[in-house]
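Each chain is listed here by its residues.
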Amino acid sequence: MPAKSKLSIGFAVAFAVMTVCAIAGMITMMIAFEIQTANLNMTAPPTTLPPTLPPEPDLRLPRSLIPERYNILIQPHLYTRIVEEVNVTTPNQTLAFTGNSTVYFYCNVRTDKIYLHSDGLKISSPLVRNLDTGKQMAVNGALQYDHDAQFLVIEPKEVFIPGGNYSLFLSFEGEISNYLEALFVSKYTETNWDAENVTVEDRFLAATNLEPTSARKLFPCFDEPDMKAVFDLIVIHRRGTTALANAKEQSSYIIDEDWKFTRFHPTPKMSTYLFAFVVSEFKKTTSTESRVTINTFARPEAIAANHANYATKITAKILEFYEAHFDLRFGLSKLDQIALPDLEPLAMENWGLITYQEGVLLYEEGVSSWLHKEVITSIIAHELAHQWFGNQVTMKWWNEIWLNEGFANYMSYLAVDHAEPSFQIKEISIIDDLHTAFEQDALNTSHPLSESMGYVQTPGDILGMFDAVTYSKGAMVLRMLAEHVGENVFDSGIRTYLKTYKGGNVEQDNLWEIIENSRYEKSMFSVPNLMKYWTTQPGYPVITINTTNGEIYQKRFFYNSAAESSLNWLIPITFTTNISKPAFVWLDVKGPVKKEEFISKKGEWILVNVNCTGYFRVNYNPENWERLLDQLQTNPDLIPLMNRGQLIDDAFNLARAKQVNVTLALNSTRFLRKERAFLPWESAVRNLEYFFLMFDRSEVYGPMQLYLQHQVEELYDFFRNDTDESIVPKDHSSQHTQITAIELACSNGLPDCIEMATTKYADWMDGNETNSIHPNLRSVIYCQAVAAGGKKEWEFAWERFLSSADTSEKEQLREALSCSKKTWLLNRYLEYTLDPDKIRLMDVTSTINLVAENAAGQALAWNFMRAHWDYVSQGNAAALVEGVTRRFSTEFELQELRRFQEDVGTDGPSRAIDQAIEQTEVNIQWVKENRDIVLEWFEKETAHLE
């Protein structure tokens, strides 16, 4: 972290002038009380007083005082560039920020204290005013809580009266973070063409990232999602920079030769975590294709090269779709989106100022993969959905954050399908979310979508809710509900829900009641009755069907076969056969019960959960499994595409849970030799990855590689001519399949594939900056060539990574660098993650996880993570633990993981560590029971190939 600098004389003078102006402004505001409060709609004072004061709060703010409006002035002292001039002292960078805020609130319950949040700020000058009388209230003092509550308590000498209107003024000072939280600094480089000798110079910007509980690190506030307020913001920033915020700029004036201030229009009433501003030297491109002005900001060089054009164009399409689909307008007159060099997470939905990691917003023609447009469109669709689900209608508390994130995922399927119909990736996106949710939700340490409030109290508890269950399972249960009630009814209910609760906060029961009331035809089970099973219980069911006698029963699906549960679900079941049309039944009991519909009377196969609309797994008797797998080998097109992938996924995961023999799962991959569609291959590769993780350090690995090499050979040959000529198919699904074919063939040692990759990479190394590899294929070819090569290939990739100004190229190279089989190179790469000038902090987690995916790097990554935990955990600590421990399958690794848990204590990602321990215990048992069986199967399948 750069040291705080002393201010230059010129800066000190400017600062003094600014301070005098600010104080004068405060006095003026106090004098002009009637003007300030004219629009506050203040409640008349009551005539009676409650007799007692409320108890002291624990971890949640009391509802004694309710905020209505904030006036905020903030000044980041950051230099966006350090200019060296002859005979002039060059200023040091400073990470200080200062400011003041006035929060206007009314009293709901009689109290003698103001409780609000503050974390890491130096607070001064508390001034409390009774707005009904215009008088100042004397203050006894202020107390800062250092524990998880993070309360700031102001104690006036008078009591607040219910119905009364008040204000609190505070000055504050803080430090701009180097760790991507609250108000943080981001560094990038820019070519200075105006210099005497063209140079590459450092640039800096300041940006906010406040979700879920970092607003309190920026200014004192009521930092809970249901304590919404209007925000009036003034930013004082250096001349030559642009300030952006949630709302549109209202006015901007120069203060002196160094500073200017920008005032913004008031925001809509919103939660504190959505408050945002950015100060930078970025430029913009603007879309005129929408009712709303859409500005996309990025580095000047990226704007000049038109890298923001695609995002700007597609944003207009998606925004227009949502306004029509929801029958409700976006709540502001402008929408700014900005491509930041640093940000954790990928993007943040701040109302009117959406922030993105640069790599997921910019598209570089001739460099970015064609498939990168899918990533850009999907993430924009997710963030824009939040402008309604989260921003206009917000969950009451973080225990139901899925009402934000699940809806954003689900709605993005529809928006991408509308904005880019040629992509045809709706089914791919759904299956990806389904399998992601299934994997985490099969652990005993999973949690319900709607968690009990008592389990979500501290900032750490809240962060733990941002996981695959919240995002992916949330989307899947919404899809299941939409399929059950019908999309027209669901969409009508959603429109009513958004209009009814616009500007407010909700609990999930509000949603269920509205959708139930939107139904034309009532079902035997109401929406609230159905959905309580899927949102208030952890996990999901597996239903087991015996097609010889029609018996069916359900139980909770666990990877740990010893785990037990008494939970059951109300399950809507669709099914079909090879001699009949799809039909529907309910399973409303745990079972077993017998149903006529599930008896195979003529030897037909029965397929349950058509198109994977239900959030559950399906197991069958061996005879029905055999019929389905025979169908896959003879004429797979008779089985819906999504179900072809899901049959593989169910078989493999049932085998992991020891509910079917592992050989059944492996048998489900035989048909792939003739398969050309992406989804079945994606499902197989995803599930076989578990086998690689468990066995790539054992004698199973050799015959397993040989089998997969044989299975993928026809698929690789199908694309061979195009691949050799660096040509890609037109449709996106086939583009995905081509990449899968190359990755699987090369990584499993197909000689022709390795020769192709190494030759193309060598041609690039020798080509005097000419790279003839198609952008779609670069990521996979870079990786396979680095894996097959040595120091020369790795260092070429590293030099290109450092020198490239192309975001897409840097990302492809960053991934490829983790593919080396040389442990000393991987160790060097891990060390580089400690230097933010080499690997940005936002990329540390994914870089370490990429190394851990590599069998040669897994142990290195685990040791490195523990040795440097304080630094590397500044990013996504939960994802880091999950990624680095995925291969754990020995008692020694389990004991090391438990020691790690003790070392980090309660400050670590507790839920992620618990889940890693549970998964490791399952892995140990599964490997012990299946290793010999798996080895025998692969040896038998490949006996004729050797």
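For the structure itself, consult the block above.
The sections below set out a description of the structure shown in this document. All of these numbers come straight from a predicted model, not from anything done at the bench.

The residue Gln633 is located in helix 13 (residues 622-634) in this model. Owing to a relative accessible area of 45%, Gln633 belongs among the partly exposed residues under this scheme. Residues Gln633 and Glu405 lie 228 residues apart in sequence; the distance between their C-alpha atoms is 39 Å. In this structure, Gln633 is in contact with Arg670 and Phe671, ignoring residues within four places of it in sequence.

The buried fraction of helix 24 (residues 844-853) is high, at eight of ten residues. Each element contacted by the buried residues of helix 24 is listed here: helix 22 (807-816), helix 23 (823-832), helix 25 (858-867), helix 26 (869-872) and helix 27 (877-884).

What follows deals with the sheet that holds strand 29 (residues 617-620). The strand order 27-24-23-29 describes an open sheet built from four strands, whose pairing is mixed. Strands at the two margins of the open sheet, each flanked by one partner only, are strand 27 (593-594) and strand 29. Where strand 23 (residues 541-546) meets strand 29, four bridges bridge the pair, whose relative direction is parallel. Counted as the bridge partner of Thr544 is Asn619 from strand 29.

Let's shift gears to the nonpolar core. Within the largest apolar cluster, 292 residues are counted, with the highest numbers of intra-cluster contacts made by Tyr322, Met411, Phe490, Val608 and Phe691. Excluding its chain neighbours within four sequence positions, the residues that come into contact with Met411 are Tyr322, His325, Phe326, Ala385, Phe389, Phe490 and Ile494. Core analysis: the second largest hydrophobic core is formed by five residues, Leu73, Ile234, Ile236 and Trp259 among them.

Summarising the element assignment, Lys228 is placed in the loop between strand 10 (199-209) and strand 11 (230-238). For the buried Lys228, no salt bridge exists, and the shortest N-O distance to an oppositely charged side chain is 9.6 Å, to Asp226. Reaching out from Lys228, the side chain makes a polar contact with the side chain of Thr394 at a distance of 2.8 Å. In terms of polar contacts, Lys228 uses its side chain to reach the backbone carbonyl oxygen of Gly504, at 2.9 Å. Excluding residues that lie within four positions of it along the chain, Lys228 makes contacts with Pro67, Lys269, Met270, Ser271, Asn391, Gln392, Thr394, Gly503, Gly504 and Asn505.

Throughout the structure, instances matching the rule amount to 49 salt bridges. We note a salt bridge from Arg886 to Glu689, for which the minimum N-O separation is 3.1 Å. Placement of the pair is Arg886 in the loop between helix 27 and helix 28 (891-904) and Glu689 in helix 16 (residues 678-695), with a sequence separation of 197 residues. Under the relative-accessibility criterion, Arg886 is labelled partly exposed at 29%. Connected via shared salt-bridge partners are Arg81, Glu190, Glu201, Arg203 and Glu281.

What follows deals with the environment of Gln357. Within the secondary structure, Gln357 is located in strand 20 (residues 353-357). In this structure, Gln357 is in contact with Leu340, Leu343, Pro345, Leu346 and Met842, ignoring residues within four places of it in sequence.

Our next topic: the packing of aromatic side chains. Scanning the entire structure with this criterion turns up 65 aromatic pairs. With a centroid separation of 5.6 Å and an interplanar angle of 40 degrees, the aromatic rings of Tyr253 and Phe261 are classed as tilted. An angle of 40 degrees between the planes, with centres 5.8 Å apart, marks the rings of Phe695 and Trp926 as tilted. A residue pair is termed long-range when its members are at least 10 positions apart, and Phe695 in helix 16 and Trp926 in helix 29 (residues 910-941) qualify at 231 residues. Like Phe695, the residue Trp926 is buried in the burial classification. Here a set of aromatic residues connected by ring pairs shows up, and it is made of Phe321, Tyr322, Phe326, Phe330, Trp388, Phe389, Phe407, Tyr497 and Tyr501.

What follows is about the state of the cysteines. Counted under the stated rule, the structure contains two disulfides. For Cys746, the disulfide goes to Cys753, at an S-S distance of 2.0 Å. Judged by the torsion about the S-S bond (-95 degrees), the Cys746/Cys753 disulfide is left-handed. Pair check on accessibility: Cys746 and Cys753 agree, each one buried. Taking only the cysteines that form disulfides and numbering them from first to last, the protein chain has the pattern 1-2, 3-4. In this structure Cys107 is a free cysteine whose sulfur lies 20 Å from that of Cys221, the closest cysteine sulfur available. In this structure Cys107 comes out as buried when scored by relative accessible area, which is 2%.

Parameters and conventions
- Residues numbered from 1 in each chain as written.
- Predicted model: local features only at pLDDT ≥ 70, side-chain atom pairs only at ≥ 80, totals over all residues.
- Heavy atoms only, no water.
- Helix = DSSP H or I, 4+ residues; strand = E, 2+ residues; numbered from the N terminus.
- Buried < 20%, exposed > 50% of the residue type's maximum accessible area, 1.4 Å probe, protein only.
- Contact = heavy atoms within 4.5 Å.
- Pairing = 2+ DSSP bridges.
- Core = buried A, V, L, I, M, F, W, Y, C linked by side-chain atoms within 4.5 Å.
- Lys, Arg positive; Asp, Glu negative; His and termini not counted.
- Salt bridge = Lys/Arg side-chain N within 4 Å of Asp/Glu carboxyl O.
- Polar contact = N/O pair within 3.5 Å; in protein donor to acceptor, adjacent residues only side chain to side chain.
- Phe/Tyr/Trp six-rings, centres within 6.5 Å; stacked < 30°, edge-to-face > 60°.
- Disulfide = S-S within 2.5 Å.

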